[in-house]
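Chain by chain, the residues run as shown.
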Amino acid sequence: MCAVLRRLDICPNAYYSYRKYRKADYYAQKDSAKALESQPQIKEELILRSGQGS
């Protein structure tokens, strides 16, 4: 991969930086989901709300 990037005059770290920024939103969403799971009070409220709608 580095050889191809060098031929195109692209910095070898550019590919990895691209992947890092591409996944940034995914990791942020994943972290916020974990934060919600760690708060039992909010989790109980969500469960109660979903049960009332049925």
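Computed from a prediction, not measured in an experiment: that's the story for all the values here.

Criteria and cut-off values
Residues numbered from 1 in each chain as written. Predicted model: local features only at pLDDT ≥ 70, side-chain atom pairs only at ≥ 80, totals over all residues. Heavy atoms only, no water. Helix = DSSP H or I, 4+ residues; strand = E, 2+ residues; numbered from the N terminus. Areas by Shrake-Rupley, 256 points an atom, 1.4 Å probe, with all protein chains shown as cover. Phe/Tyr/Trp six-rings, centres within 6.5 Å; stacked < 30°, edge-to-face > 60°. Lys NZ or Arg CZ within 6 Å of the ring centre and 35° of its normal. pLDDT = per-residue confidence, 0-100. Patch = residues over 30% accessible without salt bridge, like charges linked within 9 Å, V, L, I, M, F, W, Y side chains within 5 Å. Salt bridge = Lys/Arg side-chain N within 4 Å of Asp/Glu carboxyl O. Buried < 20%, exposed > 50% of the residue type's maximum accessible area, 1.4 Å probe, protein only.

Engineer: For this particular structure, what's the right way to read the overall build of the chain?
Structural biologist: A count of helical and extended segments in the chain gives 3 helices and 0 strands. Reading the secondary structure of the chain in the N-to-C direction produces α-α-α. Carbon and sulfur atoms provide 55% of the accessible area of the chain, an area that totals close to 5300 Å².

Engineer: What's the story with the packing of aromatic side chains in this structure? I'm lost.
Structural biologist: One pair of aromatic rings is described through two measures. These are the centre distance and the angle between the planes. Counting across every chain of the model gives 1 aromatic pair. If you follow lysine 23 out to its NZ or CZ, it ends over the ring of tyrosine 26, 5.4 Å from the centre.

Engineer: So what exactly am I meant to see when it comes to the confidence of the model for the chain here?
Structural biologist: Interpretation of this model should avoid reading the predicted coordinates in detail wherever pLDDT is low. Looking at the chain as a whole, the pLDDT averages 75, with 72% of positions reaching at least 70. By mean pLDDT, the top-scoring element of the chain is helix 2 (residues 12–37) (81), and the lowest-scoring one is helix 3 (residues 40–52) (68).

Engineer: What should I look at first to understand a nonpolar patch on the surface in this one?
Structural biologist: On the surface, Val4, Leu8 and Ile10 cluster together into a nonpolar patch covering about 260 Å² of accessible area. In this fold, valine 4 is placed in helix 1 (residues 2–7). For valine 4, a relative accessible area of 46% translates into the label partly exposed.

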